[in-house]
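An overview of the molecular structure
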Amino acid sequence: MAKPHVNDRGFIRCPCNRCINNAQHQLEVLETHIHRFGFMSDYNDWIYHGENVYAASSSNVLHPNSGVHDRDEMFEVLEDIISNDAEVDQLGSQSSNVQYDDLFTALNSELYPGVSSFSSLNFLVKLMHLKVMNKWTNKSFDELLKLLKLAFPKMDLVESHYEAKKLMTKMGLGYQSIHNSMSETCPVCFESRWKMQAGRRTGKNVPHKVLRYFPLAPRLKRLFATSKTAKLMRWHQSGKSTDDNVMRHPVDGRAWKDFDSKHTEFADDVRHVRLGLAADGFNPFNNMSISYSMWPVVLTTYNLPPWLCMKPEYLMLSLLIPGPQSPGKDMDVFLRPLIEELNELWENGIDTRDASNDRKVFKMRAALLWTVNDFPARSSLSGWSGQGYKACPTCNENTPSMRVIGKTAYFGHRRFLPSTHCWRSNLDFNGRTDRKRPPRRFSSVDIMDQLRRVKTTIPGKHPNYGGVKRKRGDDELNWRKKSIFYELPYWAEIELKHNLDVMHIEKNICDSLLGTLMGDPHKSKDTDNARRDLQNLGIRSELHLYEDGNKLMKPAAEYTFSEANRRKFCRFVRSVKFPDGFAANLWKNVAQNDSRIVGLKSHDCHVIMQRLLPVGCRSLVNKTISSTIIELSFFDIMIHLVLHLPEEAILGGPVFMRWMYPFERYLKRLKDYVRNAAKPEGSISEGYVVDEALTFCSRYFDDIETRFNRPDRNDDGIHRTRRLFVFESQCKPMGKQSQVYVEKNMRDRAEFYILNNSPEIETYLNQHKQELQLRGCLNPDKAHRNEFADWFFEKIYAMNRVHAPEVTHELLSLASKSNVFVSSYPACIVNGVRFVTYARDVRLKTQNSGVSVPGTENEMFYGQLQEILEFSYLNDFSVVLFKCKWFRCDSRRMVTENNITSINITSESYKDDQFILASQAQQVFYVEDPSRGPNWRVVQHVNHRSIWDITEDGMSDIDLLQDNSSSNFTLFVDLGNLPQINLQRNDGDVIPIVQPFTAVSQHVYETVSFLNDDDEDDVSEEDDETVEESADEETDEGNDDVDTEEDDDDHSYHTSDSD
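Residues numbered from 1 in each chain as written. Predicted model: local features only at pLDDT ≥ 70, side-chain atom pairs only at ≥ 80, totals over all residues. Heavy atoms only, no water.

1. Some details on the overall build of the chain
For the chain, the helix and strand inventory stands at 28 helices and 36 strands. A fraction of 69% describes how many contacts in the chain between residues 6 or more apart in sequence connect residues 24 or more apart. By element, 49% of the accessible surface of the chain is carried by carbon and sulfur atoms, the whole surface being about 50,300 Å². (Helix = DSSP H or I, 4+ residues; strand = E, 2+ residues; numbered from the N terminus. Contact = heavy atoms within 4.5 Å. Areas by Shrake-Rupley, 256 points an atom, 1.4 Å probe, with all protein chains shown as cover.)

2. Some points on the sheet that holds strand E8 (residues 211-213)
With respect to topology, seven strands assemble into an open sheet ordered E5-E8-E12-E11-E9-E15-E18, the strand pairing being mixed. Unpaired on one side and paired on the other, strand E5 (176-178) and strand E18 (498-500) mark the two borders of the sheet. With strand direction ignored, the average angle separating the axes of adjacent strands in the sheet is 25°. Two strands pair when backbone bridges link them, and strand E15 (residues 366-373) and E18 are joined in this way by three bridges, in the parallel orientation. For Thr 371, the partnering residue across the bridge sits in E18 and is His 498. (Pairing = 2+ DSSP bridges. Axes fitted to C-alpha atoms, helices over the stretch in contact; angles between N-to-C directions.)

3. Remarks on unusual backbone geometry
Residue Pro 324 follows Gly 323 across a cis peptide bond; omega there is 5°. Tracing the backbone shows Pro 324 in the loop between strand E12 (316-321) and helix H12 (331-347). Of note in this structure, Asn 396 is not a glycine but carries a positive phi near 60°. Of the residues examined, Asn 396 reaches a relative accessible area of 1% and is grouped as buried. (Buried < 20%, exposed > 50% of the residue type's maximum accessible area, 1.4 Å probe, protein only.)

4. A few points about the packing of aromatic side chains
Enumeration over the complete set of coordinates arrives at 33 aromatic pairs. A ring pair is formed by Phe 578 and Phe 582, whose centres lie 5.6 Å apart and whose planes are at 25°; its orientation type is stacked. Judged by relative accessible area, which is 1%, Phe 578 ranks as buried. When its relative accessible area of 4% is taken as the criterion, Phe 582 is described as buried. (Phe/Tyr/Trp six-rings, centres within 6.5 Å; stacked < 30°, edge-to-face > 60°.)

5. Things to note about the packing of helix H15 (residues 502-518) against helix H18 (residues 602-616)
In the contact formed by H15 and H18, the axes pass within 8 Å of each other and the chain directions differ by 65°. Considering the relative orientation of H15 and H18, their crossing is left-handed. When H15 is examined against H18, the residues Met 503, Glu 506, Lys 507, Ile 509, Cys 510, Asp 511, Leu 513, Leu 514 and Leu 517 are found in contact with a partner set consisting of Ser 602, Cys 605, His 606, Ile 608, Met 609, Gln 610 and Leu 613. (Left-handed = near helix turned anticlockwise from the far one by under 90°.)

6. Observations concerning a positive patch on the surface
A cluster of basic residues, Lys 195, Lys 204, Lys 209 and Lys 679, forms a positive patch at the surface. Overall, Lys 209 belongs to the partly exposed group, its relative accessible area being 31%. (Patch = residues over 30% accessible without salt bridge, like charges linked within 9 Å, V, L, I, M, F, W, Y side chains within 5 Å. Salt bridge = Lys/Arg side-chain N within 4 Å of Asp/Glu carboxyl O. Lys, Arg positive; Asp, Glu negative; His and termini not counted. Charge placed at Lys NZ, Arg CZ, Asp CG, Glu CD.)

7. Here's the deal with helix H14 (residues 444-452)
What H14 keeps buried is the set Ile 447, Met 448, Gln 450 and Leu 451. Along the axis of H14, the buried positions cluster into a sector of 160°, meaning they face one direction only. The exposed residues of H14 that point more than 90 degrees off its buried face are Val 445 and Arg 452. (Arc of directions from axis to C-beta.)

8. Focus: the state of the cysteines
What the rule picks out here adds up to zero disulfides. Cys 605 provides the cysteine sulfur closest to Cys 510, a residue in no disulfide bond, and the two sulfurs are 3.7 Å apart. Take Cys 510: its relative accessible area is 1%, and that puts it in the buried class. (Disulfide = S-S within 2.5 Å.)

9. Re the pairing of strand E27 (residues 860-872)
Two elements, strand E23 (residues 821-825) and E27, share three bridges in a ladder whose sense is antiparallel. If you follow Tyr 825 over to E27, its bridge partner there is Ile 868. Relative to E27, strand E26 (residues 850-854) runs antiparallel, the two sharing five bridges. The residue of E27 that forms the bridge with Val 851 is Gly 863. Two successive antiparallel strands, E26 and E27, enclose a turn made up of five residues, where Asn 858 displays a positive phi of approximately 65°. By the bridge criterion, nine bridges tie E27 to strand E28 (residues 878-887) in an arrangement that is antiparallel.

10. A short note on empty space enclosed by the protein
Inspection of the entire model under this criterion finds six cavities of 30 Å³ or more. The space that makes up the largest cavity amounts to roughly 310 Å³. Counting residues per element, the ones that place at least two in the lining of the largest cavity are helix H7 (216-225), helix H22 (661-672) and helix H23 (680-698). Per-element accounting of the lining of the largest cavity gives the leading share, five residues, to H23. The residue inventory of the lining of the largest cavity, partitioned by class, reads 10 nonpolar, three polar and seven charged. Of the volumes computed, that of the second largest cavity is approximately 70 Å³. (1 Å grid on protein atoms, 1.4 Å probe; cavity = no way out; pocket = protein on both sides within 12 Å on 5 of 7 lines; lining within 4 Å. Points joined across faces, edges and corners; volume = space filled by probe spheres on them. Nonpolar A, V, L, I, M, F, W, Y, C, P; charged D, E, K, R; others polar.)

11. Quick notes on the environment of Leu 811
Positionally, Leu 811 belongs in helix H27 (residues 809-815). The class for Leu 811 is buried, based on a relative accessible area of 6%. Separated by 87 residues in sequence, Leu 811 and Leu 724 have C-alpha atoms that sit 7.7 Å apart. Ignoring any residue separated from it by four or fewer positions in sequence, one finds Leu 811 in contact with Leu 724, Ile 761, Tyr 764, Phe 792, Ile 796 and Glu 806.

12. Notes on the pairing of strand E29 (residues 894-897)
Sheet topology note: the E29/strand E30 (residues 900-904) ladder contains four bridges and is antiparallel. Paired with Val 895 across the two strands is Ser 902, which belongs to E30. Linkage of E29 to E30, two consecutive antiparallel strands, is achieved through a turn of two residues, within which Asn 898 is found at a positive phi near 55°.

13. Some thoughts on the confidence of the model for the chain
The predicted model of the chain has a mean per-residue pLDDT of 80, with 80% of residues at 70 or higher. Within the model, pLDDT remains below 50 along residues 630-634, and this stretch shows 16 contacts once partners closer than five positions in the same chain are excluded. Predicted confidence is poor over residues 995-1059, with pLDDT under 50, and the contacts of this stretch with residues over four places away or in other chains come to 167 contacts. (pLDDT = per-residue confidence, 0-100.)

14. Thoughts on the nonpolar core
Grouped together as the largest cluster of nonpolar side chains are 105 residues, with contacts concentrated most on Leu 216, Leu 220, Leu 275, Tyr 302, Leu 335, Leu 368 and Phe 485. The element that contributes the greatest number of residues to this core is H12, accounting for eight residues. Not counting the four nearest positions on each side in its chain, Leu 275 is found in contact with Leu 216, Leu 220, Thr 300, Thr 301, Tyr 302, Met 316, Leu 342, Ala 366, Ala 367, Leu 368, Leu 369 and Trp 370. Listed in part, the 52 residues of the second largest apolar core include Ala 815, Phe 835, Val 853 and Phe 871. (Core = buried A, V, L, I, M, F, W, Y, C linked by side-chain atoms within 4.5 Å.)

15. Considering H23
Helix length check: H23 (19 residues) gives 26 Å between terminal C-alpha atoms against 27 Å at 1.5 Å per residue, within 8%. Counting buried residues in H23 gives 18 out of 19 residues, a clear majority hidden from the surface. (Expected span 1.5 Å × (residues − 1).)

16. Some details on the side chain of Ser 595
Mapping Ser 595 onto the fold places it in the loop between helix H17 (563-575) and H18. A polar atom in the side chain of Ser 595 sits 2.6 Å from the side chain of Asn 593. (Polar contact = N/O pair within 3.5 Å; in protein donor to acceptor, adjacent residues only side chain to side chain.)

17. A word on the sheet that holds strand E25 (residues 833-836)
Taken together, the three strands give an open sheet; going across it, the order is E21-E24-E25, and neighbouring strands pair in antiparallel fashion. Each of the sheet's edge strands pairs with one partner strand only, and the pair in question is strand E21 (732-734) and E25. Geometrically, the sheet is characterised by an average inter-axis angle of 25° between neighbouring strands, direction not taken into account. For E21 and strand E24 (residues 827-830), the ladder comprises three bridges, and the chain directions are antiparallel. Paired with Lys 732 across the strands is Ile 829, a residue of E24.

Take a look at the structure:
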């Protein structure tokens, strides 16, 4: 409006708060003044700018989209479902199929007369989807249907949830109920297939057990049936790492590459499917007093990207093994239908349409790469017993073990150290040196030779064997059976057949370690029998039990906390605050009197082991003990298995795709399906099929929230694309917005930081520096900071007057500087990460104010977020800056020891350079450092679970944690220079033992030969003295591993019944 009223020199009065129409400027300057200083509040009639005051009215009528769907989403859904049959060439030829008649009828029916935006089928599917997403009960759904019918009598809708479920099942893939062959008796043991009472069949034929089998082939075909997932099934080929030192997917592991080299025909087509299998038991009832163990067998598809293949939407239930008893060694009986189908998919494949390739038909084949199980379930699946002298499946017959009081212990771990390591010759451990080699790795040929010696047995306690468990022969080692997986043609050649589950290993080690440190009588491994073991072995004399009058005394050990230190450690755990979504609040697990830590879940143990324990125990126990925290006398099989985890990581790739966390959480979803406690298996089967169909349909829905489009907890929204990097530094503000006035000095520093971090104007930055050098400026850096903003403003506006093409709206806005008033927020979300200012953070249970940024030489700077400021520019552009308090990071105030970085938070630096772009911030959190004092904090870096540092071409590294990954926190400890120590605590604390003193038997220690015979050349004479191996009197009944609570995962593995 004002532009036509400029004078002949191009000037016009400026109505900003500073000029108040007294000064005249060009239009570009006028816009800048108004933006920076604001518009005159009392200038209502624009008499200096050509306004003709009049009242005008107009009607701006919006014409929104009518919402009428040109094509119902369900038509596309049915099209993909039906075309899933490779023998069908046209959709229309199947529309008359009885299976789909009801679906097409509902699809062609209007929901309500005159309403064309919803078909009856579309509305019902979305309503059922809401029921599943929000966990409505069946009764509430029935009541809602009645209300809808009452309010809209002409609505074409089903009458009940039962009818809706029947219709949804037609879009599902179904399942088979298997309880025996066609005969009336079992072909193996000749027992009746029906339940009997008093030797007679009951009135109704009730089978002993009903196995629910969910066929695999149709579910794999459905992944290719829709363009939503068909392209993703090729990701493992296009997204694999090109750097040999980087693994982000199992395709980067040695086992996958070895499989491809042996089966080149299978590897040639990237669409062939690689599967992983997991099986675990759980109690489907909320009442934990009921003993019931149901075993689902779940498959995952490793063709998919790493951020999808472990999500519950992509896990496939394959078998549902009924309870109430766990299958144990009879697992192979229930796996039979799956193995037969896997063999069919490997040998012959199945015709499948590929939606990503014009729906062309190809022959899809599939292979099982490995299994993922906890240790007891691994025994049931692999056939190798996880108990006894040879419990380790990797060390096999060379498992280093010995018999101690009441259990089998696993020693000899020094042989895994380098041959020149000083601990090899140290006598403190057991009075001997150890020059033995690590146990050799058994090849596939070796394993098959062992399995040929295993006798074929009938599953279970068969009457032909006297109704009791058969005793293994010495030549069978720890093999209880030849697993059914060996019926797969390729299984014997797979390098990594059964993964050791890091989740349960970490959980059990954490329980044992914390129990021992805290002196927990129920979980400590420093038991009375352990002290007697030391006495019998003649080592660690300072820890031996001794008699004091009529009492047996137990010296306090250096590796246990005193009562005062136990309380300090509990207070340390109670004080920790994690970032949002990182971990549970552990203060809930600390007892009120700060005496013990209870109720830890599996992920709690994961966080404690990787984040807290290395920090919290440093000042509470001897330095040598804290550096070698594992130097304790509880050598059970869990401790031994840790030695093999690095090798499995090289073979299988990232651990987050090979541990039980996603599968354990999936069991909780299956448990939620139980609506009829009398028939839990049937409830789960029916609920799964319906949920499976709704999940497939929801891929096509954009107008409602689904599992695929719902925003993350810390979703920062969709940002507009900008040409300038700084204008892309956006965030999703949280909390109350406030307008604050920023002083000129601070605003100048902030604006220079913005300009200096704009790579698009680097040419102008260099040009200004050159001009300063030509001027002979004494302090060019200071002059550059002080003068560049004004120089840049004049430069860009001069170029704009001559219509230079490189001057864009964004560049012009950046040069015009920001508004004097700045928006301030207490919290925001940037790139999926939640940040909170320190003032607000101190009042919360979480900690989200820690920030870090890398320097130009890869050094790290650490600080706390003080303010979140949004600087506004012309044309609705803005930049979000973090104002931070930066800690001094010199060698005196920041110390790194054993990869643990501690920093003093009282020393502040860079007071004149406090700003960073919001997008540059990396989140950290701080933990108190008890070993250095109250002003010191340990820096903990955060890798967020939903953030994947992978570009479109998939060539960058992955950075993630916990739900999807293990931590990148690595503890480096130099074990070479540790001094010899006395393990008795010198505080005089002695524990009296109630049991009467008895002489310690000297003949209970029967050791097993630690190595194979060909290692004798490397063994000293004293090490060559071994005792003949005793028979393995194994008494386990099936290695049942039944969870009492899915969220707890509190599996405890014992090496013998008397442990």
